[in-house]
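Secondary and tertiary structure notes
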Amino acid sequence: MTNHSETTGPSENGNFTGGAAAPGRSVHDTQITLRTPAELADALPYLLGYRPEDSMVLVALHDRGGRGRFGGRARLGIPANPDDWESAARQLAQGLTTGGERRGTRPEQMVAYVCQEPAPGESGRDVMRRLASLAQLLRTECGRLDVPVIEALCVSDGRFWSYCCPTEECCPPDGTPMGLPGTSVLAAAATYAGIQVRGTLRELRARLQPWETGAAPDQEIALDRAGMALVPRILDDTFRAHVAEETLALAERIIGRYAAAPPESGIHQEDRRDDDALTHEEAATLILGLQDRTTRDRAAAWMEGDEAGPALRLWRALARRCVGPYGEHAAAPLTLAGWVAWSAGDDLEAREALAMALGADPDYLFARLLHQACNEGLDPEAIRRCLRTERTGRAGANRTSAESATADGTTADGTTADGTTADGATADSAAMDSPAAVGDTGGRTDPGSGRTPSAASGPRRRRGPRTGGGADGRRSHPEGTRPRQTGGEHTRPGSSKPSGGTRARAGESRDARGGRAAREGTRSGNGRGEGDE
């Protein structure tokens, strides 16, 4: 191990990023030399893009011309049970090493970090001692892979300790105070390069978590009402396309509203402004409408340019509105938030949003595929091209449809000059108060799975009284259509049989006992439905 009281030379792999920038280089090519544990500890937030809490981190190093350079980084939360530390350390070491090999850049060395704040009655030194075995496990697991750990640091309570230095003169038992944030050479270079360090992951997740305020019950009531109004229409093939158009038109109006809103300083003020600009009823309508895969995929096209920022804010706001028993509904807006963040180059928020989406619904295929692609460092441009092509194709199809309708005396929304539709129904009953034209929603490919969406996809809902209707209280169906047939019961693996108050996605009918009907699509050997999203 190196002597931390001395400057480490290149031959000892202490210069992790080389020297000063050469003439003609851009600011982003500037190299900063890190030689001491203090500089490595200060560099961690800039390497990750946020300040880690309760984290175990490995940073890969690559030897280039006698200088160690930073490579990939991997982080896991510290398991609460120390019995799980060995498997977590193995997973972290193997994941980073295997990922580097897959990209052709196998790590040659590692720097390990364990970060945790003291519990009540505990000091930073106590944390350092308690996590010493975890740091040793990280070193051991990396050693098994023939990737030595050249430095292992503990960061706690504003101080750091080196597990690799036995010299008290440079690494005192009580730790070394961290420098003030933003005062190091690396901080100055990062600021000059436009690199920002966020707060903690806890603060990032708070922007995406459901409300726990006094407004949550009102939002839940609005979701109940929206479910009773929208779910029957989504279940009916005649009106599903109308609901999709209404949902997308409403989302587009709110994105425009967000884009015109005055800027705020601070993320809390920004989120409060966005929450105030969105009513309970609008949020409920969008949350229920986005449960349909086809509608969700079309909404994913707001991913770049001037639309991306306001769209991301809307998806965050909708995720915060999935309160109470509507937690599973957050999978759709969280996935859209993760997708837009990834498309915009914010891998950190993308990974967190997609992980939260899988927490809300582990079977949500679109989130699972995006999360895997983001973690593997793939380029999102392939998905962007697909969504652009589909958006352009829909716009052209709608223009052609509108021109054909005008030529035969029918307006763009399918009504004739006397206010009736082609089948003789009035415009109000056919469009269900929708101001938008019906778009092409059939035969599309799910960008997350490469499959054609099922016609039965849609939102979850509470079982409630049917709307509409005949004298016997049953929902009436348009002439020439048949009510959907119910299937057998189906519950999630490991879950109890749902009661009559359990919400179900549209496309999943219920029998008299309230059981969830079997979803369409094949099932893999692990029991999960491949068609589940």
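Residues numbered from 1 in each chain as written. Predicted model: local features only at pLDDT ≥ 70, side-chain atom pairs only at ≥ 80, totals over all residues. Heavy atoms only, no water.

Section: the overall build of the protein
The secondary structure content of the protein amounts to 17 helices and 10 strands. By residue count, 47% of the 533 residues in the protein fall in the buried class. Taking the intrachain contacts of the protein between residues at least 6 apart in sequence as the baseline, contacts between residues at least 24 apart amount to 69%. Total accessible area on the protein stands at roughly 25300 Å², and carbon and sulfur atoms take up 50% of it. (Helix = DSSP H or I, 4+ residues; strand = E, 2+ residues; numbered from the N terminus. Buried < 20%, exposed > 50% of the residue type's maximum accessible area, 1.4 Å probe, protein only. Contact = heavy atoms within 4.5 Å. Areas by Shrake-Rupley, 256 points an atom, 1.4 Å probe, with all protein chains shown as cover.)

Overview of the packing of helix H2 (residues 85-102) against helix H4 (residues 132-144)
At a minimum axis distance of 9 Å, the contact between H2 and H4 shows a crossing angle of 45°. It follows from the interaxial angle that H2 and H4 lie oblique. Seen along the crossing, H2 lies across H4 with a hand that is right-handed. Together, Trp85, Glu86, Ala89, Arg90, Leu92 and Ala93 of H2 and Ser133, Leu134, Leu137, Leu138, Glu141 and Cys142 of H4 make up the contact between the two elements. (Axes fitted to C-alpha atoms, helices over the stretch in contact; angles between N-to-C directions. Parallel < 35°, antiparallel > 145°, perpendicular 65-115°, else oblique. Left-handed = near helix turned anticlockwise from the far one by under 90°.)

Things to note about the environment of Trp315
Along the polypeptide, Trp315 turns up in helix H12 (residues 308-320). Trp315 sits 60 residues away from Ile255 along the chain, and the two C-alpha atoms are 9.9 Å apart. Sequence-distant contacts of Trp315, that is, excluding residues within four places in its chain, are made with Leu290, Ala299, Trp302, Pro333, Leu336, Ala337 and Val340.

Structural notes on the nonpolar core
One finds Leu278, Trp302, Leu314, Trp315, Leu318, Trp339 and Trp342 to be the most contacted residues of the largest nonpolar core, which totals 64 residues. Going through the elements one at a time, helix H7 (216-235), helix H8 (237-260), helix H10 (280-289), H12, helix H13 (331-343), helix H14 (347-360), helix H15 (365-375) and helix H16 (381-407) are the ones with two or more residues in this core. By residue number, the principal contributor to this core is H13, which donates 9 residues. Leu92, Met128, Cys142 and Cys154 belong to the second largest nonpolar core, which has 28 residues in total. (Core = buried A, V, L, I, M, F, W, Y, C linked by side-chain atoms within 4.5 Å.)

Overview of the pairing of strand S4 (residues 149-156)
With respect to burial, S4 is a largely interior element, 8 of its 8 residues being buried. Note: strand S3 (residues 109-115) against S4, 6 bridges, orientation parallel. Paired with Val114 across the two strands is Cys154, which belongs to S4. Where S4 folds back onto strand S5 (residues 159-162) in an antiparallel hairpin, the turn is made up of 2 residues, including Asp157, whose phi is positive at roughly 55°. (Pairing = 2+ DSSP bridges.)

Description of the side chain of Glu352
Note that Glu352 resides in helix H14. Classification of Glu352 by relative accessible area gives buried; the value is 12%. Setting aside its immediate chain neighbours within four residues, Glu352 contacts Leu201, Leu204 and Arg205.

Regarding the packing of H14 against H15
Contact geometry of H14 with H15 gives a least axis separation of 9 Å together with a crossing angle of 150°. Taken together, the axes of H14 and H15 lie roughly antiparallel to each other. Crossing hand, H14 versus H15: left-handed. Facing Asp347, Ala350, Arg351, Leu354, Ala355, Ala357 and Leu358 of H14, the residues of H15 in contact are Ala367, Arg368, Leu370, His371, Cys374 and Asn375. Across the contact of H14 with H15, the residue classes break down as 8 nonpolar, 2 polar and 3 charged. (Nonpolar A, V, L, I, M, F, W, Y, C, P; charged D, E, K, R; others polar.)

Description of the packing of aromatic side chains
In this structure the tally under the stated criterion is 2 aromatic pairs. Ring geometry for Trp339 against Trp342: centres 5.9 Å apart, planes inclined by 75°, an arrangement best described as edge-to-face. Of this pair, Trp339 and Trp342 both sit in helix H13, 3 residues apart, roughly one helical turn. Like Trp342, Trp339 is buried. (Phe/Tyr/Trp six-rings, centres within 6.5 Å; stacked < 30°, edge-to-face > 60°.)

Details of the confidence of the model for the protein
Confidence in the prediction for the protein averages 75 pLDDT; 68% of positions are at 70 or higher. Segment residues 1-28: pLDDT under 50, and 64 contacts once partners within four positions in sequence are set aside and those in other chains are kept. Contacts for the low-pLDDT stretch residues 411-533, under 50 throughout, to residues beyond four places or in other chains number 256 contacts. (pLDDT = per-residue confidence, 0-100.)

Here we look at the environment of Gln196
Mapping Gln196 onto the fold places it in the loop between helix H5 (185-192) and helix H6 (201-206). With 147 residues separating them in the primary sequence, Gln196 and Gly49 have C-alpha atoms 7.0 Å apart.

Re the pairing of S5
Both S4 and S5 contribute to a ladder of 4 bridges, which runs antiparallel. Directly across from Cys154, in S5, lies its bridge partner Trp161. One ladder, built from 2 bridges, connects S5 with strand S6 (residues 176-177); its direction is antiparallel. Residue Phe160 lies in a different strand from S6, and its bridge partner there is Thr176.

Let's talk about the environment of Phe366
Here Phe366 is to be found in helix H15. For the pair Phe366 and Leu336, spaced 30 residues apart in sequence, the C-alpha separation works out to 9.5 Å.

Some thoughts on H5
Every buried residue of H5 is listed here: Leu186, Ala187 and Ala190. One side of H5 holds all its buried residues, which, seen down the axis, span an arc of 100°. Counted as exposed and oriented over 90 degrees from the buried face of H5: Val185, Thr191 and Tyr192. Buried residues along H5 sit against helix H1 (37-48). (Arc of directions from axis to C-beta.)

Focus: the pattern of salt bridges
Summed over the entire model, instances satisfying the criterion amount to 24 salt bridges. A salt bridge links Glu141 to Arg90, with the shortest nitrogen-to-oxygen separation between them at 3.5 Å. Here Arg90 lies in helix H2 and Glu141 lies in helix H4, a separation of 51 residues in the sequence. Arg273 is the salt-bridge partner of Asp274, the closest N and O atoms lying 3.1 Å from each other. Grouping residues by exposure puts Asp274 and Arg273 together as buried. Within the structure, one salt-bridge network assembled from shared partners comprises Arg207, Glu270, Asp271, Asp275 and Arg320. (Salt bridge = Lys/Arg side-chain N within 4 Å of Asp/Glu carboxyl O.)

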